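Now for the letters of each chain:
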Amino acid sequence: MPQKKINPTRTPMPEQPAKERIRNFNEVTHGYSEEMAVNEAIRCLQCARPTCIQGCPVNIDIPRFLAHVANQEFQDAIDVIKKTNCLPAITGRVCPQENQCEGVCVLAKKYEPVAIGRVERFVADWEAEHGKPAAVNPAKPSGKKAAVIGAGPAGLTAAADLAKKGHQVTVFEALHKAGGVLSYGIPDFRLPTDVVRREVDYVTSLGVEIKKDFVVGMAATIDELLEEYDAIFIGTGAGLPWFLGLPGENLGGVYSANEYLTRSNLMKAYLFPKYDTPIAIGERVITIGGGNTAMDAARTALRLGARDSIIVYRRSKAEMPARAEEVEHAGQEGVQFHFLTSPVAYHGQKGRVQSLECIKNELGEPDASGRRRPVPVEGSNFQIEADVIIVAIGQSPSPIIAKTTQIDTGKGGILLVDKETMKTSKKGVFAGGDIITGGATVILAMGQAKIAAAAMDEYLRTGIWEKAEEADTESA
Amino acid sequence: MYRIIHKEILSESVKLFIVEAPVVARKARAGQFVIVRNDEYGERIPLTIADYDSEAGTITLIFQEVGKSTMQMGTFEVGDSYENIAGPLGHATEIENYGKVVMVGGGVGIAPIFPITRALKQAGNQVISIIGARSKELLFWEGRMQEYSDELIVCTDDGSAGRKALVTEPLKEVLEANRDAAKVWAIGPAIMMKFTCLTTKPFNVPTIVSLNTVMVDGTGMCGGCRVAMEGGARFVCVDGPEFDGHIVDWDILLERMSFYRSEEQLATKQWLDHQCKLDKAAEAAE
Ligand SMILES: Cc1cc2nc3c(=O)[nH]c(=O)nc-3n(C[C@H](O)[C@H](O)[C@H](O)COP(=O)(O)OP(=O)(O)OC[C@H]3O[C@@H](n4cnc5c(N)ncnc54)[C@H](O)[C@@H]3O)c2cc1C
Ligand code: FES
């Protein structure tokens with residue numbers, strides 16, 4: 001390979017200045033220009049044995065698409081990506097690349113890794129603007145009908161793959177809008193509504209029908225759907241928000257992150273009263289937690305008009321599960337962090353919250369997750385004033401489906417599946433995404449949906465359902 | 001789209017719609033609810049399924065105009081459509097032959113108490129019903145309630161119809177006279193349900209209330225509908241909407257329900273101003 005001089009630093013991402021962006025819900029980052037994308041793509045070493053592909057949960061042929069970008073063959077680049085990833089405009093924006101492809105990039109040993117996610121996003125956006133309309137080659141109709149429950153990334157991916165194989169697919173979605181967490185959870189400033197709509201439109205362009213306002217388990221059970229459909233994919237996510245169970249948690253002004261973000265994103269409460277749904281605009285807002293959800297809530301609070309937005313997290317910065325970029329952006333925007341701090345009680349008056357009582361922690365021995373356990377320091381209690389407090393400590397699958405059909409579940413209500421095929425314990429029923437893992441990532445949900453769709457296609461064609469009794473009994 | 005095929009004005013501020021919603025109608029049972037959205041700007045509002053016809057694919061919705069969204073809904077006419085209706089949601093009422101039951105419906109709560117009353121009567125119960133409202137203009141469905149009750153007591157706060165009393169007054173007398181009452185159902189404003197539960201408590205009669213809290217999704221996804229009760233908070237949309245009223249923390253519930261009062265007032269004022277302008281424009285055009 002000819003020696004080339006590698007730029008040690010990645011091409012910076014153009015973005016709205018922090019001062020400006022905390023006053024709007026527009027996307028923080030503008031995305032690369034063609035020139036920037038090419039400059040970044042040529043940093044790729046084109047390794048003979050690339051590690052990045054294994055780092056990608058859907059095994060995108062990363063060096064290939066980067067080589068195309070380097071040659072300004074953007075259409076070819078997107079075609080390579082779309083072979084294994086049907087939602088690149090989304091994953092380019094929200095994947096935790098630092099733990100995946102970019103984390104294992106060989107360049108990272110010496111320099112900054114190639115900004116793979118940013119280039120991925122560039123080609124996806126380029127396609128939306130300039131690309132040829134996605135060639136829809138309708139497969140020969142198989143005569144089989146598949147139902148997909150939930151229109152999140154898992155459901156949309158499964159639906160697209162099944163439609164491409166010629167099956168007639170109907171998606172049942174509980175809410176009035178498709179997208180799952182992409183629509184109700186992740187804010188517009190990180191993932192604009194239009195990007196999600198574009199991807200949903202692509203899926204429907206394949207002939208997939210999306211039935212909204214349809215809560216499976218209530219409007220029809222899985223067993224009833226099985227009378228009409230030959231196979232079912234369950235991708236209902238992990239929508240049940242956890243609370244801390246501390247005194248005062250039912251005071252007004254205490255929200256789950258799901259409620260706060262749903263009001264703001266899905267219901268557009270930030271445009272109240274043009275939109276009917278209200279949201280409490282706090283002066284001082286505390287968000288409890290250290291994941292993407294917590295960052296999204298704390299940054300939304302600023303944009304809604306909070307003077308102070310404070311994160312309370314029980315471990316230290318190094319243990320925060322949020323994407324590195326989100327933590328950085330939150331810091332730039334003025335979000336304040338209280339690390340090694342745990343809430344013990346909410347205090348308020350006349351039904352409204354006024355402060356959060358916290359206790360300081362020290363890091364002790366590593367716990368089951370391998371992270372050092374926070375140990376409370378006795379007598380270190382203190383109060384932080386706040387008129388809105390958002391609980392963003394995680395979520396688990398909603399029990400509606402499992403309660404209304406006979407299906408094996410594991411810890412926290414996840415559905416148990418055979419990891420090779422995503423088959424559940426129920427004949428004809430597959431599952432993937434957060435419903436089988438608990439809260440995870442968009443790309444993992446998509447990866448599982450792809451495995452499921454391939455196994456479903458086989459089942460639909462052959463009618464053979466073996467190994468059902470071996471359904472994985474371990475929880476993820 | 002969910003088309004309105006029939007509209008009725010039940011009282012001054014209470015309206016009834018029959019709406020096409022075949023998916024809901026097929027599965028609906030007494031005690032369940034739907035989430036509706038007026039239009040693309042609309043909030044998600046829970047409404048009890050007051051009646052349903054699975055063959056015709058329709059459901060009956062009854063609402064009181066209390067704020068912007070319900071006032072806007074009140075302007076819908078036959079042929080107009082809701083943007084969204086999702087359901088049926090929540091648990092259905094457990095209908096059995098309990099023996100003797102007492103039904104209490106206050107204001108717009110008369111609407112949801114009716115299908116439960118009918119179902120309980122049809123299941124063989126002896127039914128004593130008490131319905132009440134602030135005044136005569138706000139009362140409705142005395143006839144329907146009469147049809148499925150062995151005894152019906154009507155009262156109003158101002159005495160303009162039936163007895164001049166709050167529902168709790170006749171309720172106490174009924175319980176004193178009927179020590180064998182097996183169960184009480186109470187649906188109405190939260191404050192009425194609270195006092196109904198305080199009234200039934202000394203008699204030790206299990207009292208079922210149907211809570212109508214603030215909701216967003218209605219599927220257990222946000223926790224906005226949570227209500228403090230003995231044994232911890234519960235989500236009204238998936239654990240309810242019916243609960244044992246004696247374990248509900250009514251004071252926290254009442255406070256949570258008024259949390260968005262100033263926002264509601266703002267939205268209502270804007271809506272009324274807007275309607276007023278429309279009326280003026282229409283007058284000017286004439
Ligand atoms: C605020 C927030 C920020 C996040 N940020 C990131 C990020 O930056 N990067 C990342 O990779 N991941 C992120 N995640 C995680 C990621 O969004 C999820 O892992 C992913 O969305 C899971 O996809 P899914 O399809 O399994 O479920 P979901 O996206 O949850 O979709 C499930 C869908 O099913 C519907 N549904 C549920 N029950 C029923 C039913 N009974 N009948 C019909 N429909 C039903 C739901 O309404 C929903 O639309 C974030 C999560 C949150 C909450
Ligand atoms: S309304 Fe959201 S959980 Fe009940």
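See above for the structure.
Residues numbered from 1 in each chain as written. Chains lettered and ligands numbered in written order. Predicted model: local features only at pLDDT ≥ 70, side-chain atom pairs only at ≥ 80, totals over all residues. Heavy atoms only, no water.

### Quick word on the pattern of salt bridges
All names here are of chain A. Let me state the cut-off plainly: The salt bridge definition used is simple: a Lys or Arg side-chain nitrogen within 4 Å of an Asp or Glu carboxyl oxygen. Helix numbers and strand numbers start at the N terminus; a helix is a DSSP run of H or I with at least 4 residues, a strand a run of E with at least 2. Under the scheme applied here, a residue whose accessible area is under 20% of the maximum for its type counts as buried, over 50% as exposed, and between as partly exposed, the area being computed with a 1.4 Å probe on protein chains only.
The tally for this structure, following the rule as stated, stands at 43 salt bridges over all chains. Taking the shortest distance from any N to any O, the salt bridge between lysine 145 and glutamate 228 comes out at 3.5 Å. With a gap of 83 residues between them, lysine 145 in strand β1 (residues 145-149) and glutamate 228 in helix α11 (residues 222-228) connect regions that are remote in the sequence. For glutamate 228, a relative accessible area of 47% puts it in the partly exposed group. In this structure, aspartate 367 and arginine 315 form a salt bridge, with 3.1 Å as the shortest nitrogen-oxygen distance. Of this pair, aspartate 367 sits in the loop between β11 (352-366) and β12 (372-376) while arginine 315 sits in the loop between β8 (308-312) and α14 (324-332), and the two are 52 residues apart along the sequence. The buried category is assigned to arginine 315, whose relative accessible area is 3%. Here the residues in one salt-bridge network are Glu15, Arg21, Arg190, Asp296, Arg299, Arg303, Arg323, Glu325, Glu326 and Glu333, joined through shared partners.

### Describing the interface of chain A and chain B
The following threshold applies: We call two residues in contact whenever any of their non-hydrogen atoms come within 4.5 Å of each other. By buried area we mean how much accessible surface two parts lose on assembly, using a 1.4 Å probe and totalling the loss over both. Definition of a polar contact: a pair of N or O atoms within 3.5 Å, with one able to donate and the other able to accept a hydrogen when the atoms are protein atoms, and with sequence-neighbouring residues admitted only if both atoms are side-chain atoms. Note that Gly is not counted as nonpolar here; it falls among the polar residues with everything else outside the nonpolar set of Ala, Val, Leu, Ile, Met, Phe, Trp, Tyr, Cys and Pro and the charged set of Asp, Glu, Lys and Arg.
Residue-level contacts link 44 residues of chain A with 46 residues of chain B. Summed over both sides, the interface between chain A and chain B buries roughly 3,600 Å², with carbon and sulfur atoms accounting for 58% of that surface. Linking chain A with chain B are 2 salt bridges. The residue glutamate 224 of chain A makes a salt bridge to lysine 27 of chain B at a minimum N-O spacing of 3.0 Å. One can count 17 residue pairs in polar contact (both at pLDDT 80 or more) joining chain A with chain B. Looking at the side of chain A that touches chain B, the element that brings in the most residues is helix α12 (residues 257-266) of chain A, giving 4 residues. Considering only residue class, the side of chain A that touches chain B consists of 22 nonpolar, 12 polar and 10 charged.

### Describing the side chain of asparagine 24 of chain A
All names here are of chain A. When you line up the elements, asparagine 24 lands in the loop between α1 (18-21) and α2 (34-41). One polar contact links asparagine 24 to glutamine 16, side chain to side chain, over a distance of 2.8 Å. Setting aside residues up to four positions removed in sequence, asparagine 24 forms contacts with Gln16 and Arg303.

Nothing here speaks to function; it is all geometry.
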